[in-house]
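Each chain is listed here by its residues.
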Amino acid sequence: MIICHCQAISDRDIHAAIDWMRASDPSTIITPGKIYHALGKRADCGGCMPLFLSTMRKNTNLKVPVELTGLRQAPMEGRRHEGRR
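Residues numbered from 1 in each chain as written. Predicted model: local features only at pLDDT ≥ 70, side-chain atom pairs only at ≥ 80, totals over all residues. Heavy atoms only, no water.

A. Structural context of the packing of aromatic side chains. Taken as a whole and judged by the stated rule, the model has one aromatic pair. Look at Tyr36 and Phe52: their rings are 4.9 Å apart centre to centre, the planes differ by 5°, and that puts the pair in the stacked class. Within this pair, whereas Tyr36 is found in helix H2 (residues 32-38), its partner Phe52 is found in helix H3 (residues 49-57), the two being separated by 16 residues in sequence. Residue class for Tyr36 comes out buried when judged on its relative accessible area of 4%. Given the relative accessible area of 0%, Phe52 is considered buried. (Phe/Tyr/Trp six-rings, centres within 6.5 Å; stacked < 30°, edge-to-face > 60°. Helix = DSSP H or I, 4+ residues; strand = E, 2+ residues; numbered from the N terminus. Buried < 20%, exposed > 50% of the residue type's maximum accessible area, 1.4 Å probe, protein only.)

B. Representation of the nonpolar core. Counting residues in each nonpolar core, the largest one holds 14 residues, and the members touching the most others are Ile14, Ile18, Ile30, Ile35, Phe52 and Met56. The set of elements that each furnish at least two residues to this core consists of strand E1 (2-4), helix H1 (11-24), H2 and H3. Here the element with the most residues in this core is H1; it accounts for four residues. Beyond its immediate stretch of four places on either side in the chain, Phe52 contacts Ile3, Ile9, Ile14, Pro32, Ile35 and Tyr36. (Core = buried A, V, L, I, M, F, W, Y, C linked by side-chain atoms within 4.5 Å. Contact = heavy atoms within 4.5 Å.)

C. Quick peek at the side chain of Thr55. Summarising the element assignment, Thr55 is placed in helix H3. According to the relative accessible area criterion, Thr55 is buried, its value standing at 5%. There is a polar contact of 2.8 Å between the side chain of Thr55 and the backbone oxygen of Leu51. Dropping the residues within four chain positions of it, Thr55 is found in contact with Ile3, Asp11, Ile14 and His15. (Polar contact = N/O pair within 3.5 Å; in protein donor to acceptor, adjacent residues only side chain to side chain.)

Here's what the structure looks like:
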């Protein structure tokens with residue numbers, strides 16, 4: 001099924017790009033931009049993004065690598081961000 005009409009990207013293209021990226025670098029974070037880049041294309045109008053993301057999420061290789069899960073820290077109450085006074 002065609003997902004991005006502007007760039008003629010199909011669901012198979014998206015899955016193939018995800019599978020290829022995961023096989024070549026198991027610890028990579030896969031984003032829509034990286035998929036477009038892997039396919040040699042660029043996002044155009046963005047109208048496909050909800051369907052593009054939905055298609056990405058269906059791929060089991062999209063998951064965040066185990067060593068990268070849980071890295072986000074909870075914001076610290078009462079602390080100021082650097083550069084703010």
